[in-house]
Every structure is written in structure tokens, then in C-alpha cells.
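# Breakdown of the fold
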Amino acid sequence: MKNQQRKIKDFIAKEYQYKYEFVDTKDLTSNVTKYNDKKLYRFALVSSITTHNIHQGDMSQRALNVGAFDFNFIDRLNNKEYPSSGIASGWASMTFKKIIEACLKG
């Protein structure tokens, strides 16, 4: 994941002109005083991973376990969680880039 994290951070530094921070989800949900102000730290883009068992045409063979990364937004002020993007990928940076590009176009 270090390589994917670096790609995400490089992309956001180059393409995203607004204020942002990378934060562990646990810091947003715990009593870390810095993030208590939900007006200031209102939205979070949260990553998730799902795993899928894939059989390569032969159900008698052992399945491959493949992970897919996706992201969804959370409105912390209104306590609302939005659905995942639906563009999951085996590479977190690819999904992240598509989401940010869509936000910048919108």
C-alpha cells in the first residue's frame, strides 16, 4: 500500500488546489481534539476494500482471492454516509484519481 499511498499523495498535491489532509479514519471517529470541529472537518473521503473469490473457469480449482478498493464520502456534520463510487479497482490510486477528477469537473 505504500506505493499506492505515494501515488495518491503525489496526484492530489499536483491536481487538487483546495485544502485537504490525509487522516486515519480512527482519528476522525475517536476523541482526537483536532477533528472535533465538524464544520471545519466536514467531509471525509473514506477508503474500503472488498475481497472476491475468483475461479478461473474451473470451479474445482482453488479460487483466487482478489481485493478491490473503493471510496465513499461522509458528511460528518450531518452524519450522512454516501454510497461507494462503484468504480472499484485493484489499485486504490486509480479509483481515487477518478473520483477526484470527477469532483474537479463537477
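This text gives an overview of the structure that appears in the document. Owing to the predicted nature of the structure, the values given are computational and were not obtained by experimental measurement.

Cut-offs used in this document
- Residues numbered from 1 in each chain as written.
- Predicted model: local features only at pLDDT ≥ 70, side-chain atom pairs only at ≥ 80, totals over all residues.
- Heavy atoms only, no water.
- Helix = DSSP H or I, 4+ residues; strand = E, 2+ residues; numbered from the N terminus.
- Rg over C-alpha atoms; globule rule 2.2 N^0.38 Å.
- Buried < 20%, exposed > 50% of the residue type's maximum accessible area, 1.4 Å probe, protein only.
- Contact = heavy atoms within 4.5 Å.
- Areas by Shrake-Rupley, 256 points an atom, 1.4 Å probe, with all protein chains shown as cover.
- Lys, Arg positive; Asp, Glu negative; His and termini not counted.
- Charge placed at Lys NZ, Arg CZ, Asp CG, Glu CD.
- Polar contact = N/O pair within 3.5 Å; in protein donor to acceptor, adjacent residues only side chain to side chain.
- Pairing = 2+ DSSP bridges.
- Axes fitted to C-alpha atoms, helices over the stretch in contact; angles between N-to-C directions.

The next point concerns the overall build of the protein. What the protein contains, in helices and strands, is 3 helices and 3 strands. Moving toward the C terminus, one meets the helices and strands of the protein in the order α-α-β-β-β-α. In summary, the protein has a C-alpha radius of gyration of 16 Å against a globular reference of 13 Å for 106 residues, an excess of more than 25%. In terms of its C-alpha atoms, the protein occupies a principal-axis envelope of roughly 55 × 30 × 25 Å. Counting over 106 residues, the protein shows a buried share of 22%. Summarising the internal contacts of the protein: among those between residues at least 6 apart in sequence, 42% fall at separations of at least 24. Put simply, the protein shows about 8,200 Å² of open surface, and 50% of that area lies on carbon and sulfur atoms. Taken together, the 17 basic and 11 acidic charged side chains of the protein have centroids lying 2 Å from each other.

Once that is clear, we can look at the environment of tyrosine 18. Its place among the elements puts tyrosine 18 in the loop between helix H1 (2-15) and helix H2 (25-29). Residue classification places tyrosine 18 among the partly exposed positions, given a relative accessible area of 46%. At 3.1 Å, the side chain of tyrosine 18 forms a polar contact with the side chain of glutamine 17.

Before going further, it helps to spend a moment on the sheet that holds strand E2 (residues 64-75). Spatially, the 3 strands line up as an open sheet ordered E1-E2-E3, and their pairing is antiparallel. With one partner strand each, in any of the chains shown, strand E1 (43-54) and strand E3 (80-81) form the two edges of the open sheet. As judged from the 12 bridges shared by E1 and E2, these two strands associate in the antiparallel manner. Bridging across to E2, leucine 45 finds its partner in phenylalanine 73. Running at roughly 30° to E2, helix H3 (residues 92-105) makes contact with E1 and E2 of the sheet.

Treat this as a map of the structure, not an account of what it does.
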